[in-house]
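Structural overview
The chain contents come next:
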Amino acid sequence: MSGPGAQICEIFNSIQGEGLYVGQRQTFVRFASCNLNCQYCDSPKALQISKEFTVESTPGKKNFNKLPNPAAIDQLIEIITSFEKPKGVNHSISLTGGEPLLQVDFLKEFIPELKKKVDLPIYLETNGVLPDHLTEIIELIDIVALDLKLPSATGLYPYWNEHKKALETAYTQEVFVKVIFTKETRVKEMDEAVTLIAGIDENIPLVLQPVTPHGPIKHRPTAEQIMAFHTLSKRKLKDVRVIPQVHKLFGVL
């Protein structure tokens, strides 16, 4: 089937470098466009919609083919299944961005067709500020990696209400929360984030991710700050881990 088209940034197969599933191999479908513009976005090229998207032909080789946007459902499934050799090599399919939920109408058509061809968990990475869109597809998702955006990261007003509703929705499936923090992150906003998570369930895992900046090293949190935020979080949550972006260390996409 052709179905509706999607605006894609890139598709590749690599090692998950963030969150609870760090080290697992996934096929990544990076959707184009985002409703936020975070200070330390690590995928700035996905913020805009382009006429073309790229596909890495061989995992790790960084040899790319360019294809026109929008991409059809059957085209995406063909690309994804090409990364399924040998059988069993991948843990899951990561729908990332940008913000995938901006294209929720496409996802409602795409994911059921994908599941007919690929028997792997669907792993959604979302900024967690589009809870109504998440509600529309949550039954199709197996794992939700929810980025809880601190006000200091977005430079905008707090999204506490949106995050709360999104996390309550994601809680019906497997979910963990990721919070990126910098040297400028305030204790008060981190405490508000932890309190929000604990208010739903103290057993929801929290990943504290020190920023991996593209700019000056001065924004990286100190060791003292990392330990202090971990201590703060553990007062209310059972499972708190500090995990940086390890794929940057591997040198992979």
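Residues numbered from 1 in each chain as written. Predicted model: local features only at pLDDT ≥ 70, side-chain atom pairs only at ≥ 80, totals over all residues. Heavy atoms only, no water.

**As for the sheet that holds strand E6 (residues 122-126)**
The strand order across the open sheet built from 10 strands is E4-E3-E1-E2-E5-E6-E7-E8-E9-E10, with neighbouring strands paired in mixed fashion. Looking at the sheet topology across the chains shown, the edges are occupied by strand E4 (64-68) and strand E10 (240-242). Taking each pair of neighbouring strands and ignoring which way they run, the sheet shows an average axis angle of 20°. Pairing between strand E3 (residues 52-56) and E4: 5 bridges, direction antiparallel. Bridge assignment links Phe53 to a residue of E4, and that residue is Leu67. Where helix H2 (residues 104-117) meets the sheet, its contacts fall on strand E2 (25-31), strand E5 (92-96) and E6, and the angle it forms with E5 comes to roughly 170°. (Pairing = 2+ DSSP bridges. Helix = DSSP H or I, 4+ residues; strand = E, 2+ residues; numbered from the N terminus. Axes fitted to C-alpha atoms, helices over the stretch in contact; angles between N-to-C directions. Contact = heavy atoms within 4.5 Å.)

**A short note on the packing of aromatic side chains**
Any aromatic ring pair is given by two values, namely how distant the centres are and how the planes are angled relative to each other. Per the stated rule, a full pass over the model turns up 6 aromatic pairs. Centroid distance Tyr21 to Tyr123: 6.1 Å. Interplanar angle 90°. Geometry classified as edge-to-face. Of this pair, Tyr21 sits in the loop between strand E1 (8-15) and E2 while Tyr123 sits in strand E6, and the two are 102 residues apart along the sequence. Note on Tyr21: relative accessible area 16%, which makes it buried. In textbook terms, an aromatic cluster arises when at least three aromatic residues are bridged by ring pairs, as seen for Tyr21, Tyr123 and Phe176. (Phe/Tyr/Trp six-rings, centres within 6.5 Å; stacked < 30°, edge-to-face > 60°. Buried < 20%, exposed > 50% of the residue type's maximum accessible area, 1.4 Å probe, protein only.)

**Comments concerning unusual backbone geometry**
Of note, the amide linkage connecting Asn69 to Pro70 takes the cis form, showing an omega dihedral of -5°. Relative to the helices and strands, Pro70 is located in the loop between E4 and helix H1 (73-82). Cis geometry is found at the peptide bond from Gly97 to Gly98, where omega equals 15°. Note on placement: Gly98 falls in the loop between E5 and H2. In this structure, Lys62 takes a positive phi of about 60° despite not being glycine. For Lys62, the location among the structural elements is in the loop between E3 and E4. Residue classification places Lys62 among the partly exposed residues on the basis of a relative accessible area of 44%.

**Some remarks on the nonpolar core**
One finds Leu95, Phe110 and Leu148 to be the most contacted residues of the largest nonpolar core, which totals 60 residues. When residues in this core are grouped by element, the largest group, 6 residues, is from H2. Apart from the residues lying within four places of it in its own chain, the contact partners of Leu148 are Trp160, His163, Val177, Lys178, Val179, Ala193, Leu196 and Ile197. By size, the runner-up hydrophobic cluster in this structure holds 7 residues, among which are Tyr21, Tyr123, Ala145 and Ile243. (Core = buried A, V, L, I, M, F, W, Y, C linked by side-chain atoms within 4.5 Å.)

**A few points about the pairing of strand E8 (residues 174-181)**
In summary, the side chains of a regular strand alternate between the two faces of the sheet. Counting buried residues along E8, 6 of its 8 residues qualify, which places the element largely inside the surrounding structure. In terms of strand pairing, strand E7 (residues 143-147) meets E8 through 5 bridges, oriented parallel. Within the sheet, the bridge partner assigned to Ala145 lies in E8 and is Phe176. Pairing analysis gives 5 bridges linking E8 to strand E9 (residues 206-210), with the strands arranged parallel.

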